[in-house]
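Structure at a glance
Here are the chains, one letter per residue:
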There are 4 protein chains.
Amino acid sequence: MSSSSPQQRRGDTRQRIQDVALELFAEQGYEKTSLREIAERLGVTKAALYYHFKTKEDIIISLFEDLTRPIDELIRWAEEQPRTLEMKREVLRRYSEAMAGGASLYRFMQENQASLRELTIGETVKKRLFALVDLLRTGQEDAPLVDQVRCVSALFTLHAGMMFLQHVEGDPEETRQAALQVATDLITQAHGQA
Amino acid sequence: MSSSSPQQRRGDTRQRIQDVALELFAEQGYEKTSLREIAERLGVTKAALYYHFKTKEDIIISLFEDLTRPIDELIRWAEEQPRTLEMKREVLRRYSEAMAGGASLYRFMQENQASLRELTIGETVKKRLFALVDLLRTGQEDAPLVDQVRCVSALFTLHAGMMFLQHVEGDPEETRQAALQVATDLITQAHGQA
Amino acid sequence: MSSSSPQQRRGDTRQRIQDVALELFAEQGYEKTSLREIAERLGVTKAALYYHFKTKEDIIISLFEDLTRPIDELIRWAEEQPRTLEMKREVLRRYSEAMAGGASLYRFMQENQASLRELTIGETVKKRLFALVDLLRTGQEDAPLVDQVRCVSALFTLHAGMMFLQHVEGDPEETRQAALQVATDLITQAHGQA
Amino acid sequence: MSSSSPQQRRGDTRQRIQDVALELFAEQGYEKTSLREIAERLGVTKAALYYHFKTKEDIIISLFEDLTRPIDELIRWAEEQPRTLEMKREVLRRYSEAMAGGASLYRFMQENQASLRELTIGETVKKRLFALVDLLRTGQEDAPLVDQVRCVSALFTLHAGMMFLQHVEGDPEETRQAALQVATDLITQAHGQA
DNA sequence: AATGAATGAGACTTCATTCAT
DNA sequence: GATGAATGAAGTCTCATTCAT
């Protein structure tokens, strides 16, 4: 009657590996998480992991591929919109939502930048970040440096909201809304001064 | 009678270990940097490191002790000041300066949060961060959540300014000033609304 | 009613496994060639190999069985002939031909003697070699050691001709004939001095 | 009282590793010999091997460097001599002697050609072989193919003598002399027809 | 103040093989 | 006739650490 009886597990091992891996990566970091640990927590052998993923790095790559799709879509969408303030607000809104949905992965990104840099996806992540920043500040390439900082800061505020305050305050959703508010203020200022 | 007395030499090697270690930790992350690497780059044996430091963790602890002293002093100083807006601005100003001085270490902190959490100093770092945030928002415990986020965001903006924009823009000092400006704006707003 | 009856298909895949396996064994050696590699190059799963062969060793055994039959027949034939010089020349001639036909396998034998020794067929291969040498030197058990060496050398010359010169010279067939000539000279000398 | 007490062993670990490794490589082949096996037979840990050699391949490289020096010197010497028949005989004589001295390594070479090809030294070994062949046939580039084969065959005869007959006959030294005799005959014929 | 030699634990990875379907 | 999923054993290698000298 358990919801995850052996029979039910059939065929979803790949998914379960991803789940456990993400959990552990976010908790302990990428390097400190061994495949042995992942396998043990799943009740399979290390070799089983290698049936589903070619390398350890492959596991994390697959996680990024699955979980950052919303962001890629967001970027593609935004690039076709006019560079209005409203569009920028929408970008922040949807980015914040994506973060709420894939909290573990974003926490992982935030806390493992060093590991990320050595991995193949590091470059991709970086590019995506730059793309977002570009979107937020488009229409004002020659804007004062301060305004460019505001755009970057807006994104970081969303991250900060999720990562840092979460450890402290009560309702995560409320905190997220507050962070979104502050971020929106920041780009509004940046936009206005263009 | 040699021109470098034993005491000086001692300090010398110890210091060189710290320098190289910080360089590598910042570059590659804590876990990915091995003692072998540090020793090789210094032209000594691994065993020599153990003459100066009890463990690998000890090396990083010593780095934090040496390099975060300014922050500790800043906190102690600020805690004795009245909670005025001017004091908060001064906190940000001095924090930003400290970051400029110990850039590698702050980069390390930012990029290795996962490693940090497992280390003894992790707790210390976290406490210091909370202490700073508390200082910035003091006088308004019951302030709207949004204002609390602004305080956190102000600190993160300084980090963001250092870490992120650095990869992109020209003069780091100019960027630092811009980030300081944005951060100051943020706490000004937070303070005003109290 | 399909144009390829089950029997044919069976033979088909089995044969294709053998072909690919021999190719890879000859190219990379027995130990360095994994079943995964064979399966991948065939576009089937590893498990499929196990439908046709009981073990990895079984694959190579089957190759030897199929490809060394001419040698076995040659030996049986020669053992019933009178020990004349002409018979010995015929042995070399046919051995050389067999090698040309199963070049990959002979290359494999030459380059993987170490692996061969650990395998069950190793013994068989060795026996066959001894049988050939015996045939070549029969009629002169008490011949000077030098002549016995000549017989062994004759066989090795054929191998050397195939393996070594092949990497260097132009027409393989011409080289083979030259090697055969030298080998024949050797046993002629050995025979003559008896 | 034993000739290899722990105290005596001090400092010669590197040498002992080489000895044991060569023994096992020759016996079982390169791939089939694991570092665990080598370490166990020596009574040290695997990690100790890595203190003395950077990789498994490094061990075999060091063996070749140490044991094939005589051949390199032989080649250098011969290249400065006039291409007389007497010089060629001397080459074979000294090559045969070198083989007797480093029997294990030459057995290894003969039996692990496949492994060798994948290793860095493979190329070196091959070059050396070609250099020897060139020396033996110099002065008759346009000689009939048959004579070129004779030169190669001469070298292979020495190998064959060592490897093959050894398993069978009595006194190895006598066999070696016989092989040398046959090899010398071969190049004499080749030389005469130039 | 530092080295040389070694260890024990554990990392990632690959392999031949099995078995239910 | 073949696959999908998994295993157990083993492989090479790296790491932080120790200790006698």
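This write-up is about the structure you can find in this document.

Calculation notes
Residues numbered from 1 in each chain as written. Chains lettered and ligands numbered in written order. Predicted model: local features only at pLDDT ≥ 70, side-chain atom pairs only at ≥ 80, totals over all residues. Heavy atoms only, no water. Helix = DSSP H or I, 4+ residues; strand = E, 2+ residues; numbered from the N terminus. Areas by Shrake-Rupley, 256 points an atom, 1.4 Å probe, with all protein chains shown as cover. Near = heavy atom within 4 Å. Polar contact = N/O pair within 3.5 Å; in protein donor to acceptor, adjacent residues only side chain to side chain. Nonpolar A, V, L, I, M, F, W, Y, C, P; charged D, E, K, R; others polar. Contact = heavy atoms within 4.5 Å. Buried area = accessible area lost by both parts, 1.4 Å probe. Salt bridge = Lys/Arg side-chain N within 4 Å of Asp/Glu carboxyl O. Least-squares fit on C-alpha atoms with pLDDT ≥ 70 in both.

Here we take up the overall build of chain A. For chain A, the helix and strand inventory stands at twelve helices and zero strands. Each helix and strand of chain A, placed in order from N terminus to C terminus, yields the pattern α-α-α-α-α-α-α-α-α-α-α-α. With respect to the three principal axes, the spread of C-alpha positions in chain A is 60 × 35 × 30 Å. Roughly 9,400 Å² of accessible area belongs to chain A as shown, and the carbon and sulfur atoms make up 49% of that amount.

Right, let's get into the protein's contact with DNA strand F. Neighbouring DNA strand F are 36 residues, the closest being T45, Y51 and H52 of chain A, T45 of chain C together with Y50 of chain D. Close to the protein, within 4 Å, the atoms of DNA strand F are drawn from sugar and phosphate at a rate of 64%. Note that a phosphate oxygen of DNA strand F is positioned 2.4 Å from one of the side-chain N or O atoms of T45 of chain A. Take S34 of chain D: an N or O atom from its side chain is 3.1 Å from a phosphate oxygen of DNA strand F. Only α4 (46-52) of chain A, α2 (35-42) and α3 (46-52) of chain B, α1 (6-28) and α3 (46-52) of chain C together with α3 (35-42) and α4 (46-52) of chain D provide two or more residues apiece to the surface near DNA strand F. Taken together, the residues of the surface near DNA strand F sort by class into 15 nonpolar, twelve polar and nine charged.

It is worth spelling out the interface of chain B and chain A at this point. In this complex, chain B contributes 42 residues to the contact, which on the side of chain A involves 42 residues. Taking both partners together, chain B and chain A bury about 3,600 Å²; carbon and sulfur atoms supply 66% of that area. Our count for the chain B to chain A interface comes out at five salt bridges. Here E111 of chain B ties to R117 of chain A by a salt bridge, and the two come within 2.3 Å at their closest N and O atoms. The tally of links between chain B and chain A comes to 13 residue pairs in polar contact (both at pLDDT 80 or more). Of all elements in the fold, only α1 (6-28), α7 (103-111), α8 (113-118), α9 (120-137), α10 (145-163) and α11 (172-192) of chain B reach the threshold of two or more residues within the side of chain B that touches chain A. By residue number, the principal contributor to the side of chain B that touches chain A is α10 of chain B, which donates ten residues. Across the side of chain B that touches chain A, the residue classes tally to 18 nonpolar, twelve polar and twelve charged.

Next up on the list: the relation of the copies chain D and chain C. Mapping chain D onto chain C calls for a screw motion: a turn of 180° about the axis and a shift of 0.0 Å along it, with 0.1 Å RMSD after fitting. On the angle and the small slide along the axis, the relation comes out as a two-fold axis. A share of 100% of the interface residues of chain D reappears at the interface of chain C, consistent with the copies meeting face to face through the same patch.

For the structure shown, the criterion picks out 50 salt bridges over all chains. Overlapping salt bridges bring together E86, E90 and R93 of chain A as one network.

A separate point is the interface of chain D and chain C. The accessible area lost on association of the parts is a frequent measure of interface size. Residue-level contacts link 43 residues of chain D with 43 residues of chain C. Buried area between chain D and chain C, both sides added, is near 3,600 Å², and the carbon and sulfur share of it is 66%. Note that E118 of chain D is salt-bridged to K32 of chain C, the shortest N-O span being 3.9 Å. Linking chain D with chain C are 14 residue pairs in polar contact (both at pLDDT 80 or more), by the criterion used here. In terms of residue count, helix α11 (residues 145-163) of chain D provides more of the side of chain D that touches chain C than any other element does, ten residues in total. Considered class by class, the residues forming the side of chain D that touches chain C number 18 nonpolar, twelve polar and 13 charged.

As a further point, take the arrangement of the chains. One finds no contact linking chain A with chain C; the least C-alpha distance across the pair is 12 Å. Of all C-alpha pairs spanning chain A and chain D, none lies closer than 21 Å, and the two are not in contact.

Taken together, 36 residues lie near DNA strand E, and Y50 of chain A, T45 of chain B together with T45, Y51 and H52 of chain D sit nearest. Among the atoms of DNA strand E lying within 4 Å of the protein, the sugar-phosphate backbone contributes 63%. Within the side chain of T13 of chain B, a nitrogen or oxygen atom sits 3.4 Å from a phosphate oxygen of DNA strand E. A distance of 2.7 Å separates a phosphate oxygen of DNA strand E from a polar side-chain atom of H52 of chain B. In terms of residue class, the surface near DNA strand E is made up of 15 nonpolar, twelve polar and nine charged.

Honestly, that's just the spatial picture; any functional story needs more than this.
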